[in-house]
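# Chains, contacts and geometry: an overview
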Amino acid sequence: MNKKRDNLIAGNWKMNGSLKQNSSLITDIKRTEGLDKGISELLVCPPDPYLSQARSLLSDVNIHLGAQNVSKEVNSGAFTGEVSAKMLQDLDCSYCIIGHSERRAYHNESDDIITEKFFRLLENKITPILCVGESLEAREFGNYDDFVLSQLERVSNKIGIDKFLNTVIAYEPIWAIGTGVSASSEQAQEMHLLLRSFFSDSIIADSIRIIYGGSVKPSNSKELFSMPDIDGALIGGASLNSKDFLNIYKSSF
Ligand code: PGA
């Protein structure tokens, strides 16, 4: 595959796992071929209590560690239950997911909160994976492109376009998440191109990785990755099965 950017294959474990399950999942993932060649980047995002375990298990391989969420608050303080970007940096997290539709829907995360989280991550040299994606209603109504662009715009208006250099956007149509119904490669490519075109500065547009999420499986990943503006995937369900996750990874190069 001849793209300007290396693919990023990211596993979003969501609220799943146990010490035992994580250990066997990571042990299996570590056996894969191609990791030492760094052909595509591989990333796992376990729940916070298991970051430390995952960090130890991954210490001798070329697999990145990421978090699924971060506090909008700075460094440390009286914020019960929160985990700061500085703490994630301490644990060697190189990426963090923000703005996932499940957090927007179940935790009322607004674009303002997401923007602050974006800032905190950049301050701590962690790459944000900013999730955007339209609802089923917007898809059916036909205004899905405005829906997604305005999500991106509300963050970029506050943070400044230049801050997006080398960051990651995950296009995740809500109707495709956990449903088994993925966007087609053409539907995804259309949206990825739209998102990339939003960045008129060609250096940013060329650097930014736009990954697709929503029912990615070994049976659809190769076709998705063959699209010129799809730079990898954010994988939920299939990332909990080492065979599926690795087959998706292998289909990315
Ligand atoms: P899914 O989830 O792969 O299970 O559809 C993707 C995500 O929510 O990031």
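Refer to the structure above for everything that follows.
Residues numbered from 1 in each chain as written. Predicted model: local features only at pLDDT ≥ 70, side-chain atom pairs only at ≥ 80, totals over all residues. Heavy atoms only, no water.

Moving on, we come to the sheet that holds strand β5 (residues 127-132). One closed barrel holds the 8 strands; their spatial order is β1-β2-β3-β4-β5-β6-β7-β8, and the pairing between them is parallel. Within this sheet the neighbouring strands show an average axis-to-axis angle of 25°, counted without direction. Looking at chain direction, strand β6 (residues 168-171) and strand β7 (residues 209-213) are connected through 4 bridges and run parallel. Its bridge partner lying in β7, isoleucine 169 is registered against isoleucine 210. Those strands touched by helix α7 (residues 144-159) are β5 and β6, and its axis lies near 145° from that of β5. (Pairing = 2+ DSSP bridges. Helix = DSSP H or I, 4+ residues; strand = E, 2+ residues; numbered from the N terminus. Axes fitted to C-alpha atoms, helices over the stretch in contact; angles between N-to-C directions. Contact = heavy atoms within 4.5 Å.)

The geometry of an aromatic ring pair is captured by two quantities: the separation of the ring centres and the angle between the planes. According to the stated counting rule, one finds 5 aromatic pairs in the structure shown. Measuring from ring centre to ring centre gives 5.3 Å for phenylalanine 164 and phenylalanine 199, while their planes differ by 50°; the resulting arrangement is tilted. Separated by 35 residues along the polypeptide, phenylalanine 164 in the loop between α7 and β6 and phenylalanine 199 in the loop between α8 (185-197) and α9 (202-207) bring together distant segments of the chain. Here the two residues phenylalanine 164 and phenylalanine 199 agree in accessibility, since each one is buried. Ring geometry for tyrosine 249 against phenylalanine 253: centres 5.1 Å apart, planes inclined by 75°, an arrangement best described as edge-to-face. One aromatic cluster in this structure is built from Phe118, Phe164, Phe198 and Phe199. The residue whose ring lies beneath arginine 139 is tyrosine 144, and the NZ or CZ to ring-centre distance is 3.7 Å. (Phe/Tyr/Trp six-rings, centres within 6.5 Å; stacked < 30°, edge-to-face > 60°. Buried < 20%, exposed > 50% of the residue type's maximum accessible area, 1.4 Å probe, protein only. Lys NZ or Arg CZ within 6 Å of the ring centre and 35° of its normal.)

On to helix α10 (residues 218-225), then. Within α10, burial applies to Asn220, Ser221, Leu224 and Phe225. On an axial view of α10, the arc spanned by its buried residues comes to 130°, and they lie on one face. Buried residues belonging to α10 abut β1 (8-12), α8, β7, β8 (232-235) and α11 (242-250). (Arc of directions from axis to C-beta.)

Right, let's get into empty space enclosed by the protein. The full count for this structure, using the stated rule, is 1 cavity of 30 Å³ or more. What the largest cavity holds in volume is close to 40 Å³. Lining of the largest cavity is provided by Gly99, His100, Ser101, Arg104, Cys131, Val132, Gly133, Gln151, Glu172 and Ile174. (1 Å grid on protein atoms, 1.4 Å probe; cavity = no way out; pocket = protein on both sides within 12 Å on 5 of 7 lines; lining within 4 Å. Points joined across faces, edges and corners; volume = space filled by probe spheres on them.)

Attention shifts here to the side chain of glutamate 134. Relative to the assigned elements, glutamate 134 resides in the loop between β5 and α6 (136-141). A polar contact of 2.8 Å, which involves the side chain of glutamate 134, links it to the side chain of tyrosine 171. Among residues more than four places away in sequence, those in contact with glutamate 134 are Arg139, Tyr144, Phe147, Val148, Tyr171, Glu172, Pro173, Ile174 and Trp175. (Polar contact = N/O pair within 3.5 Å; in protein donor to acceptor, adjacent residues only side chain to side chain.)

Neighbouring the ligand are 13 residues; Lys14, His100, Glu172, Gly178 and Ser215 lie closest to it. Here an oxygen atom of the ligand and a side-chain polar atom of glutamate 172 are 2.7 Å apart. A distance of 2.9 Å separates an oxygen atom of the ligand from a polar atom in the backbone of glycine 237. For the ligand, whose unbound accessible area comes to 280 Å², protein coverage reaches 94%. (Near = heavy atom within 4 Å. Areas by Shrake-Rupley, 256 points an atom, 1.4 Å probe, with all protein chains shown as cover.)

All right, on to unusual backbone geometry then. Residue lysine 14 is not a glycine yet carries a positive backbone phi of 55°. Positionally, lysine 14 belongs in the loop between β1 and α1 (19-30). The phi dihedral of lysine 125 falls on the positive side, at around 60°, and the residue is not glycine. Position of lysine 125 relative to the elements: it lies in the loop between α5 (111-123) and β5. Using a relative accessible area of 71% as the deciding quantity, one classes lysine 125 as exposed.

We now examine the layout of surface pockets. Volume-wise, the largest pocket comes out at about 360 Å³. Lining the largest pocket are 15 residues; nearest its centre among them are Lys14, Met15, Gln68, Asn69 and Arg103. If you tally residues by element for the lining of the largest pocket, the top one is helix α4 (residues 101-106), at 3 residues. Taken together, the residues that form the lining of the largest pocket break down as 6 nonpolar, 5 polar and 4 charged. (Nonpolar A, V, L, I, M, F, W, Y, C, P; charged D, E, K, R; others polar.)

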